[in-house]
Every structure is written in C-alpha cells, then in structure tokens.
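This is what each chain is made of:
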Amino acid sequence: MQNSNIHISSTNPEVAEAFAQWLINWLKDRAKTTIALSGGSTPKLLFSLLAQQYTKEIDWSKVHLFWGDERCVPPDHGESNFGMTKTLLLNHIDIPAANVHRIRGEAEPAEEATRYGMEITNTVSAIDGCPAFDLIILGMGNDGHTASIFPHQIELLQAKEVCGVAIHPESGQRRITLNGPVLNNAYQVAFLVTGAAKAEKVKTILEHESGFEDLPAAHIKVDGGSPNWFLDTSAASLLNRK
Ligand code: 6PG
C-alpha cells in the first residue's frame, strides 16, 4: 500500500531515529507548540534518543508537554507515564517546569479528569471550542487501543469531556485519557508502533480489514485523513506493500 504518512524503519531504534528527525524538522521555526506524549514502552527509545543526542536541536522553552493518558498511580510509581518520561527525557532537557503539564495520577480519577481537562482548555488553543494540540504522539496496544481508549470503552471516542476515566480491561487499573474528540482535533498525530504483536491490528487498521471499526486506534484522524504511522518492519510485516 502506498501512503506517504506511513514511515517504515527496520528496527525499534531506527523508528525512534526516524521520528526524532521528523519531530525536529516539524518543530523548526515554530512558536509555542503543544504536544501530548504517549506512554507505555514504545516511546522509551525515542525519549532516550532525544535526551542523549538531540538536546540542542529542540528549543524546549517553546514546547508545552502534556500526556495523552496516565495510569492512576503516583508519579514515582513504576507504571507512571510521567515518571518514565521524567527519568528518560525531562531530567535531561532544559524545559521550564511551567511547560510540563502532568496528569496527577495520585489524585481521585474523576476529579483529575476534570482538573486536567481544565488545564488543557486553559493552555491549548481551540478549534470549534475543542482543544487542538499541535501534535499528539500515540501508541497502540495489541488490542488496538490508543491513549487509554480501549475497545470495551470505545464510546470515549465520542465523549464530550476533554478527558475521561478509563479502566484497563485486564488489570482493572484506572487511567485518565484524552477523549476521542480531542485526539481527532489535533493538527498532527503520529503513531509510534513497533513489534510483531501489533502487526495484525496495524494491517486491519491501515487496510480497513473486517472489524477495523471496533479498534479505537482506527478512528484517529488528522483533518479527516490518515495520521502519520512510524512502524518497524515487524509491525508492518503483514501490510500489502506494493
Ligand atoms: C499507556 C499508553 C498506551 C500505549 C499502548 C502501547 O499508557 O500504556 O499510552 O496507549 O501507547 O498501550 O503500549 P506499548 O508501547 O507498551 O506497546
């Protein structure tokens, strides 16, 4: 399949490098930029790469960092997306504290979803009354979830609140997530997806195979079109590439 928004690299590190180059180029000469980061394990290589090799290529004083979702755990918990990002990236870059917009995983979930939604509304410019991030970086779970919108809570794709409270289908862990309308209102979206375990869902989504509409990641659009997908060859291994 031919699609200029699909970027395939051989390995995980090369996906991180390809996205880092894309990000640096996209950020060049931009004024204030709002970015929502993904969590999980996939972005770890990217964050380490940015921290170790590209600290000077990005003017972080112009970047406001948010999260697309957060586990409802304290920031020093091993599963905290903020904690992971702080260790791998934030501790190594010169970014003003006021530019880091942490989801308070330690707070009562419903209250934090409301509070974080207000923080976003007060910081991120809006299109048609809905916050419009300049860039949202997303991952995709093996089940086709993205941010923390899981298949069993696919209604969060239409929720009118900026943020919602999600529940992990296996662990029952509660999460704060950006809801679908905000995910679909961004100027740019980049999925970073690697590993053979994601290949089946990547094919289902990118080739609109049967059942794609049941996968939350399939519903994320940029201006009605396809987001960017940064894949390794394992995650892309089932695609019909002509
Ligand atoms: C999270 C993420 C989530 C993640 C996918 C993929 O909090 O876990 O935001 O949406 O991107 O589950 O996770 P991996 O990168 O660990 O495969």
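Above this text you will find the structure in question.
Residues numbered from 1 in each chain as written. Predicted model: local features only at pLDDT ≥ 70, side-chain atom pairs only at ≥ 80, totals over all residues. Heavy atoms only, no water.

Draft legend 1. Seen up close, the packing of helix H2 (residues 43-53) against helix H3 (residues 81-88). For the pair H2 and H3, the least separation of the axes is 9 Å and the interaxial angle reads 30°. One way to sum up the angle between H2 and H3 is to call them roughly parallel. Between H2 and H3 lies a crossing whose hand is right-handed. Two secondary-structure elements touch here, H2 through Pro43, Lys44, Phe47, Ser48 and Ala51 and H3 through Met84, Thr85 and Leu88. Across the contact of H2 with H3, the residue classes break down as 5 nonpolar, 2 polar and 1 charged. (Axes fitted to C-alpha atoms, helices over the stretch in contact; angles between N-to-C directions. Helix = DSSP H or I, 4+ residues; strand = E, 2+ residues; numbered from the N terminus. Parallel < 35°, antiparallel > 145°, perpendicular 65-115°, else oblique. Left-handed = near helix turned anticlockwise from the far one by under 90°. Contact = heavy atoms within 4.5 Å. Nonpolar A, V, L, I, M, F, W, Y, C, P; charged D, E, K, R; others polar.)

Draft legend 2. Layout of the site of the ligand. The local shell around the ligand holds 14 residues, among which Ser41, Thr42, Asp69, His145 and Ala147 are the closest. At 2.8 Å from an oxygen atom of the ligand is found a side-chain nitrogen or oxygen belonging to Arg71. Measuring from an oxygen atom of the ligand, one finds a side-chain N or O atom of Asn81 at 2.9 Å. Split into classes, the residues belonging to the shell around the ligand amount to 2 nonpolar, 8 polar and 4 charged. (Near = heavy atom within 4 Å. Polar contact = N/O pair within 3.5 Å; in protein donor to acceptor, adjacent residues only side chain to side chain.)

Draft legend 3. Looking closely at the sheet that holds strand E11 (residues 228-232). Spatial strand order, E1-E11-E10-E7-E2-E3: 6 strands in an open sheet with parallel pairing. Single-partner strands in this sheet number two, and they are strand E1 (6-9) and strand E3 (63-67). Averaged over all neighbouring strand pairs, the angle between strand axes comes to 15°, with direction disregarded. Strand direction decides the pairing type here: strand E7 (residues 135-138) and strand E10 (residues 188-193), joined by 4 bridges, are parallel. (Pairing = 2+ DSSP bridges.)

Draft legend 4. Fine view of the pattern of salt bridges. In this structure the tally under the stated criterion is 9 salt bridges. Across the pair Arg175 and Asp69 runs a salt bridge, and its minimum N-O distance is 4.0 Å. Note that Arg175 is positioned in strand E9 (residues 174-178) and Asp69 in strand E4 (residues 69-71), a separation of 106 residues in sequence. Judged by its relative accessible area of 8%, Arg175 is buried. Residue Arg115 is joined to Glu119 by a salt bridge in which the shortest nitrogen-to-oxygen separation is 2.6 Å. (Salt bridge = Lys/Arg side-chain N within 4 Å of Asp/Glu carboxyl O. Buried < 20%, exposed > 50% of the residue type's maximum accessible area, 1.4 Å probe, protein only.)

Draft legend 5. The side chain of His64, seen in detail. Along the chain, the position of His64 falls in strand E3. Since its relative accessible area comes to 14%, His64 is described here as buried. A polar contact of 2.8 Å, which involves the side chain of His64, links it to the side chain of His101. Ignoring anything within four residues of it in the chain, the contact list for His64 reads Lys32, Thr33, Thr34, Ile35, Ala98, Asn99, His101 and Thr123.

Draft legend 6. Up close: the packing of aromatic side chains. Taken as a whole, this structure holds 8 aromatic pairs when the rule is applied. Seen from their ring centres, Trp22 and Phe230 are 5.9 Å apart, and the 70° between their planes marks the pair as edge-to-face. Linking Trp22 in helix H1 (residues 12-27) with Phe230 in strand E11, this pair joins segments that are 208 residues apart in sequence. The buried category is assigned to Trp22, whose relative accessible area is 18%. Since its relative accessible area comes to 2%, Phe230 is described here as buried. Here the aromatic rings of Trp67 and Phe82 are separated by 5.4 Å at their centres, their planes lie at 70°, and the arrangement is edge-to-face. Linking Trp67 in strand E3 with Phe82 in helix H3, this pair joins segments that are 15 residues apart in sequence. (Phe/Tyr/Trp six-rings, centres within 6.5 Å; stacked < 30°, edge-to-face > 60°.)

Draft legend 7. Inspection of the environment of Asp94 at higher detail. On the secondary structure map, Asp94 appears in the loop between H3 and helix H4 (109-123). Sequence separation between Asp94 and Lys32 is 62 residues; the distance between their C-alpha atoms is 15 Å. Once you skip the residues sitting within four places of it in the chain, Asp94 turns out to touch Trp60 and Ser61.

It is worth stressing that arrangement in space is one thing and function is another; only the former is reported here.
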